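In case you want the letters, here they are:
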Amino acid sequence: MIRAILVDDEPLARDILREYLAADEDFEIVAECANGFEAVRAVTEHDPDVLFLDIQMPKLDGFEVLELLDRSPVVVFVTAYDEYALRAFEVHALDYLLKPFSEDRFRVVTERIKVQLRLPRTAVAPLGSALRAKPLQRIVVRAEDGTIQVIPAARVDYVEADDDAILIATAGTRVRKQQSIGDLAGELDPDRFVRIHRSYLLNIERIEKIELYAKDSRVAILRDGTRLPVSRTGYGRLRELL
């Protein structure tokens with residue numbers, strides 16, 4: 001049996017998917033989800049073969065869901081917005097269903113799923129990162145205990161590299177996320193976030209002042225008193241914006 005999860009905030013859309021899948025004896029629906037948080041939990045619990053995933057949803061959108069997954073289901077986007085379909089194909093998503101879709105179109109997709117499942121699985125988290133609109137307006141983080149935190153980019157003070165992960169400083173706390181600082185720097189607004197050092201990415205709106213620290217280095221002092229090193233290259237980037 002091909003284990004499927006349906007994710008859509010519209011009950012009618014889930015009803016249609018359920019009805020069409022019921023006509024194919026190769027598929028079994030193991031969970032239905034009405035939002036992105038439910039989807040992440042369900043994929044972790046059931047490890048499905050295929051994920052039928054709406055894109056536009058409250059709380060977490062479809063791309064953010066994929067970014068948080070540590071499993072590798074085949075992904076079929078279900079969307080009313082065809083511009084997303086083109087972007088999905090550009091990064092080799094399996095397929096998409098453009099609402100409203102016919103049963104014939106659905107059958108084409110399910111046959112492609114069966115072919116795809118014979119091939120090696122590929123991670124879907126990079127797919128989510130690639131498809132999210134840039135610059136990011138918020139950062140999604142999944143903790144080791146499975147809890148999900150959504151951090152508005154405007155509330156980030158700075159980001160610090162931590163081995164192969166990062167620490168996001170916001171509202172007096174630091175949140176760990178499994179991502180490289182370079183990758184996050186490429187996703188955030190370059191007019192707001194500056195790589196001031198190989199280990200630090202700074203929201204320039206938090207700067208109180210910059211002081212000379214040594215011959216070729218400086219220190220950025222933030223409004224809350226935090227002191228961050230600024231390399232010579234980082235200082236050059238800051239001067240272009242300040």
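Above this text sits the structure in question.
Residues numbered from 1 in each chain as written. Predicted model: local features only at pLDDT ≥ 70, side-chain atom pairs only at ≥ 80, totals over all residues. Heavy atoms only, no water.

**Digging into the packing of aromatic side chains**
- For the coordinates displayed, the defined rule picks out six aromatic pairs.
- Considering the side-chain rings of Y20 and F101, the 6.1 Å spacing of their centres and the 65 degrees angle between planes classify their relative orientation as edge-to-face. Taken together, the residues span a long stretch of sequence, with Y20 in helix α1 (residues 11-22) and F101 in the loop between β5 (95-98) and α5 (103-116) at a distance of 81 residues.
- Since its relative accessible area comes to 15%, F101 is described here as buried.
- Aromatic pair F52 and F106: ring centres 5.7 Å apart, planes at 20 degrees, arrangement stacked. In this pair, F52 is assigned in strand β3 (residues 50-54) and F106 in helix α5, connecting sequence segments 54 residues apart.
- F52 gets classed as buried once you look at its relative accessible area, which sits at 0%.
- Taken together, the aromatic side chains of Y20, F52, F101 and F106 make up a single cluster linked through ring pairs.
- Sitting over the face of the ring of Y96, R105 holds its NZ or CZ atom 5.4 Å from the ring centroid.
- The residue whose ring lies beneath R218 is Y235, and the NZ or CZ to ring-centre distance is 3.9 Å. (Phe/Tyr/Trp six-rings, centres within 6.5 Å; stacked < 30°, edge-to-face > 60°. Helix = DSSP H or I, 4+ residues; strand = E, 2+ residues; numbered from the N terminus. Buried < 20%, exposed > 50% of the residue type's maximum accessible area, 1.4 Å probe, protein only. Lys NZ or Arg CZ within 6 Å of the ring centre and 35° of its normal.)

**Regarding the sheet that holds strand β9 (residues 165-170)**
- Strand order in the open sheet formed by five strands is β10-β9-β8-β12-β11, and the pairing between neighbours is antiparallel. Of all the strands in the sheet, the pair left with one neighbour each is β10 (173-177) and β11 (193-197). Averaged over all pairs of adjacent strands, the angle between strand axes in this sheet comes to 25 degrees, irrespective of strand direction.
- As paired strands, β9 and β10 are joined by five bridges and run antiparallel to one another. Bridge pairing in β10 places L167 opposite R176. (Pairing = 2+ DSSP bridges. Axes fitted to C-alpha atoms, helices over the stretch in contact; angles between N-to-C directions.)

**Brief notes about α5**
- For α5, which comprises 14 residues, the first-to-last C-alpha distance of 20 Å matches the rise-based estimate of 20 Å (1.5 Å per residue) to within 8%.
- Buried residues of α5: F106, V109, T110, I113 and K114, and no others. One side of α5 carries all its buried residues, which in axial view fall inside an arc of 145 degrees. (Expected span 1.5 Å × (residues − 1). Arc of directions from axis to C-beta.)

**Things to note about the environment of T147**
- Counting through the fold element by element, T147 comes out in the loop between β6 (138-142) and β7 (148-152).
- On a C-alpha basis, the gap between T147 and F37 in space is 9.1 Å, while along the polypeptide they are 110 residues apart.
- In contact with T147, not counting residues within four places along its chain, are V141 and R142. (Contact = heavy atoms within 4.5 Å.)

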